[in-house]
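Listed here are the chains, written in short residue letters.
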Amino acid sequence: MIDLRSDTVTRPTPQMRAAMASADVGDDVYGEDPTVLALQERVADMFGFEAALLTVTGSLANLLAVRSVVPTGAEVLCESSAHIARAELGAHATIFGITSRTWTDPHGRIDIGQIEALVAPDLGPYLVATAAVSIENTHNFGGGTVQAIGDLQRLRALADGCGIAVHLDGARIWNAQVATGQPWRDLAAGSDVMAVCLSKGLGAPVGSLVLGSAAMIAEARIWRKRLGAGWRQAGVIAAAGWYALDHHVERLADDHANARLLAEACGAAPEAVDTNIVALSVPDAPAVVRRAREDGVLVGVVGTRTVRLVTHLDVSATDARRAAEVLARIV
Ligand SMILES: *Cc1c(COP(=O)(O)O)cnc(C)c1O
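Rules used in this analysis
Residues numbered from 1 in each chain as written. Predicted model: local features only at pLDDT ≥ 70, side-chain atom pairs only at ≥ 80, totals over all residues. Heavy atoms only, no water. Axes fitted to C-alpha atoms, helices over the stretch in contact; angles between N-to-C directions. Helix = DSSP H or I, 4+ residues; strand = E, 2+ residues; numbered from the N terminus. Parallel < 35°, antiparallel > 145°, perpendicular 65-115°, else oblique. Contact = heavy atoms within 4.5 Å. Salt bridge = Lys/Arg side-chain N within 4 Å of Asp/Glu carboxyl O. Buried < 20%, exposed > 50% of the residue type's maximum accessible area, 1.4 Å probe, protein only. Pairing = 2+ DSSP bridges. Near = heavy atom within 4 Å. Polar contact = N/O pair within 3.5 Å; in protein donor to acceptor, adjacent residues only side chain to side chain. Areas by Shrake-Rupley, 256 points an atom, 1.4 Å probe, with all protein chains shown as cover. Domains from an automatic or database assignment. Buried area = accessible area lost by both parts, 1.4 Å probe.

Caption draft 1: Inspection of the packing of helix α8 (residues 173-180) against helix α12 (residues 252-265) at higher detail. For the pair α8 and α12, the least separation of the axes is 9 Å and the interaxial angle reads 80 degrees. Taken together, the axes of α8 and α12 are roughly perpendicular relative to one another. Only L252, A253 and H256 of α12 make contact with α8, whose side of the interface consists of W174, N175, V178 and A179.

Quick look at the structure:
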C-alpha cells in the first residue's frame, strides 16, 4: 500500500531508532533530561524565541500556546478550516473557556481585510474581547498553503495596532521554509507564540513544541503537568526530533516535487501546490478512496467532494509515480 492519507503515518527509520535507543535521558518533570533540554533550546533558538517546551502532540502545543495569549472568556480569531477550530475537538473552549470567530479563505490564507473587520479587542462589557489571531503556516486543510511573508508582516502590524497577540500554528513550518527559502526566524517573527510538530513531515514518531517567552513557557510547563502531560525520560522522544532536524528537513523538497507530480497526473494545476499536500476536487470522494484502495493507494477524505493526498518520508519518487498512474486512471 502507498499511504497518501497523511504525513503522520511515517515510521521512524532505523537510524532514527538508533538515535532514540542511545539517547542520554533524565527525569523531565524535574527538568533533568539533557536531550529534552537540548532540543528545546535548539528549536527556540532556531525560531528566535526565548524558550520552548516539548509536548506529546501538536494539539497540546496549540492548546498551551493559545492559552498563554487568550484569557478565559476572550476569543481567538482564526480561519474557518484551521486545525484549532476543526481538529482539536473543541479543546480551547472546553478546557480553557476560549471562544473563536473565523474568517474564510479557500486556501486558508491570511485575509487582512476580513481579520480587520472581526477584531474587537475592547468594545465594552457586553462583547467578547479579541485577544489573539491564530494562523497556520503551512495551512493543512487549505491544501498545504504557504502564507505570504507580506501577509505575516501586515498581520503583525495590525495586531500591534490594536494590542492583540498572534499565535502561529507551525505544525508544518518546515515545509514552508523549504518551499520559500525564508530564514526560520523571519517565518516566526510575526508571532508571539508558536507551535511546531516533529511528527508530520519530519518523520518523528511523537513530539511537538510550544515556543514563546521564558515567562510563557514557564507557565505552559505548569499547565502541561496540570493536564497530566508531564513526562519523565522523554529524551528518547526528543532524540528522534533532534535526528529529524539534522536529517529530514532538506529532503522535504522531494515531498513537494512528488506532490506536484501527483497534482499534474490528476489534472490539478501543479503550480497550485505549495508544499506536500494536494487537495483534489472530485465528484464523489468516498468512491475515489474505495477505488484507489483496490489499486494499492490510500488517500484521505476531507469533504464529500475533496480528497487529500499527502506526500512524506515513506513515499518514494517511484511510489509517487505509481500512485499518480493509479489516481490518474480513477479521477
Ligand atoms: C497535525 C496538526 C496539528 C497537531 O496535531 P496532533 O495530531 O495533535 O499532533 C496542529 N496543527 C496542524 C495544522 C496540524 O496539521
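Caption draft 2: Molecular detail of the pattern of salt bridges. Counted under the stated rule, the structure contains 13 salt bridges. In this structure, D7 engages R172 in a salt bridge whose closest nitrogen and oxygen atoms are separated by 2.8 Å. Highlighted residues: D7 in the loop between β1 (2-3) and α1 (14-21) and R172 in the loop between β6 (165-170) and α8, separated in sequence by 165 residues. Each member of the pair, D7 together with R172, is buried.

Caption draft 3: Focus on the sheet that holds strand β7 (residues 193-197). Spatial strand order, β2-β8-β7-β6-β5-β3-β4: 7 strands in an open sheet with mixed pairing. At either margin of the open sheet sits one strand with a lone partner, and together these are β2 (51-55) and β4 (99-103). The mean inter-strand angle of the sheet, taken between neighbouring strand axes irrespective of direction, is 20 degrees. Each of β2, β7 and β8 (208-212) is contacted by helix α10 (residues 214-226), which is oriented at about 20 degrees to β2, the strand it contacts most.

Caption draft 4: Highlighting the site of the ligand. Neighbouring residues of the ligand: 13 residues in total, closest G58, S59, D169, R172 and K200. N140 places a side-chain nitrogen or oxygen 2.9 Å from an oxygen atom of the ligand. Measuring from an oxygen atom of the ligand, one finds a side-chain N or O atom of R172 at 2.8 Å. In isolation the ligand has 380 Å² of accessible area, and contact with the protein removes 85% of it. A per-element tally of the shell around the ligand places helix α3 (residues 58-69) first, with 3 residues.

Caption draft 5: Quick look at the domain arrangement of the chain. According to the domain assignment, the chain contains domain 1 (14-247) and domain 2 (251-330). Averaged C-alpha coordinates put domain 1 and domain 2 at centres separated by 27 Å. Tallying the contact residues gives 18 residues for domain 1 and 11 residues for domain 2. Each partner contributes to the roughly 1,200 Å² buried at the junction of domain 1 and domain 2, and carbon and sulfur atoms together form 57% of this total. Our count for the contact surface shared by domain 1 and domain 2 stands at 0 salt bridges. Taken together, the links from domain 1 to domain 2 amount to 4 residue pairs in polar contact (both at pLDDT 80 or more). When residues of the side of domain 1 that touches domain 2 are assigned to their parent elements, the largest contribution, 4 residues, is made by α8.

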